[in-house]
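# Overview (structure and organization)
For reference, the chains in residue letters:
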Amino acid sequence: EDIGPFNPEFINSYEGGIRSDWLDKRLRANVAVFFNKWNNMQVPSSIFTGDPPEASSTILNAASATTKGAELELQAAPGYGWNLRASLGYLDAKFDQFKDVGADYSGRPTPYAPKWTGSASASYNWQSSIGTLSPAIQYTYTGAQWANFTQAPAEFIHSVGLVKANLN
């Protein structure tokens with residue numbers, strides 16, 4: 001009951017790209033570009049009422065938003081047992097028109113939409129007397145983003161880079 005009512009959202013989505021294998025399938029390169037036009041985009045929001053304030057969730061409909069970007073994925077097997085991967089993503093996601101309770105959020109980034117993301121990893125597989133061993137290392141990056149359309153200082157999420165290593 002807290003969440004509704006709200007209108008359906010509509011999206012026109014366009015994507016194009018290329019998937020390719022090179023060097024006797026030891027190198028794979030994929031690239032994609034996309035463009036999405038949203039109407040009545042559904043946007044989650046919290047409402048605080050009462051004393052003391054209690055939070056409840058609702059869905060608002062932004063008038064319109066546009067998301068566009070590109071993704072690049074690379075995978076290589078440069079030698080026996082080696083597997084290298086890398087990816088890079090760019091996203092431009094903004095509200096075209098969005099007004100709520102007298103405030104104008106038009107032109108602001110949509111929530112949870114980092115401009116840049118990326119990753120790189122390397123792994124090696126070899127057979128041993130106890131089975132296949134696979135050490136791997138990975139780095140992932142997620143750019144800064146907002147957790148809400150209102151963009152209060154507490155809603156800002158800083159960029160994060162993580163390094164992971166494992167042995168399977």
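Description of the structure in this document.

The rules behind each value
Residues numbered from 1 in each chain as written. Predicted model: local features only at pLDDT ≥ 70, side-chain atom pairs only at ≥ 80, totals over all residues. Heavy atoms only, no water. Salt bridge = Lys/Arg side-chain N within 4 Å of Asp/Glu carboxyl O. Buried < 20%, exposed > 50% of the residue type's maximum accessible area, 1.4 Å probe, protein only. Phe/Tyr/Trp six-rings, centres within 6.5 Å; stacked < 30°, edge-to-face > 60°. Helix = DSSP H or I, 4+ residues; strand = E, 2+ residues; numbered from the N terminus. 1 Å grid on protein atoms, 1.4 Å probe; cavity = no way out; pocket = protein on both sides within 12 Å on 5 of 7 lines; lining within 4 Å. Points joined across faces, edges and corners; volume = space filled by probe spheres on them. Nonpolar A, V, L, I, M, F, W, Y, C, P; charged D, E, K, R; others polar. Contact = heavy atoms within 4.5 Å.

### So, the pattern of salt bridges
A complete count under the given rule lists 4 salt bridges for this structure. Among the ionic pairs, arginine 28 bridges to aspartate 21, the shortest N-O distance being 2.8 Å. The exposure class of arginine 28 is partly exposed, given its relative accessible area of 39%. Owing to a relative accessible area of 37%, aspartate 21 belongs among the partly exposed residues under this scheme. Measuring nitrogen to oxygen at the nearest pair gives 3.0 Å for the salt bridge that ties lysine 94 to aspartate 92. Judged by relative accessible area, lysine 94 falls into the partly exposed class, the value being 34%. By sharing partners, the salt bridges in this structure join Asp92, Lys94 and Lys115 into a single network.

### A short note on the packing of aromatic side chains
A complete count under the given rule lists 9 aromatic pairs for this structure. Residues phenylalanine 95 and phenylalanine 98 carry aromatic rings whose centres are separated by 4.9 Å and whose planes lie at 55° to one another, so their mutual orientation is tilted. Phenylalanine 95 gets classed as buried once you look at its relative accessible area, which sits at 1%. A ring pair is formed by tyrosine 105 and phenylalanine 149, whose centres lie 4.8 Å apart and whose planes are at 80°; its orientation type is edge-to-face. Here phenylalanine 149 lies in the loop between β11 (145-146) and β12 (156-157) and tyrosine 105 lies in the loop between β6 (103-104) and β7 (116-124), a separation of 44 residues in the sequence. Both residues of the pair, tyrosine 105 and phenylalanine 149, belong to the buried class. Taken together, Phe95, Phe98, Tyr105 and Phe149 form an aromatic cluster joined through their ring pairs.

### A word on the layout of surface pockets
In this model, the largest pocket occupies a volume close to 160 Å³. In terms of lining, the largest pocket is formed by 13 residues, of which the most central are Glu71, Leu88, Gly89, Tyr90 and Thr117. Secondary structure elements with two or more residues in the lining of the largest pocket: β3 (54-76), β4 (82-97) and β7. Top contributing element to the lining of the largest pocket by residue count: β4, with 5 residues. The residue makeup of the lining of the largest pocket, split by class, is 7 nonpolar, 4 polar and 2 charged.

### What about the side chain of serine 123?
Here serine 123 lies in strand β7. Contact partners of serine 123, with chain neighbours within four places excluded, come to Gly81, Trp82, Asn83, Pro135 and Ala136.

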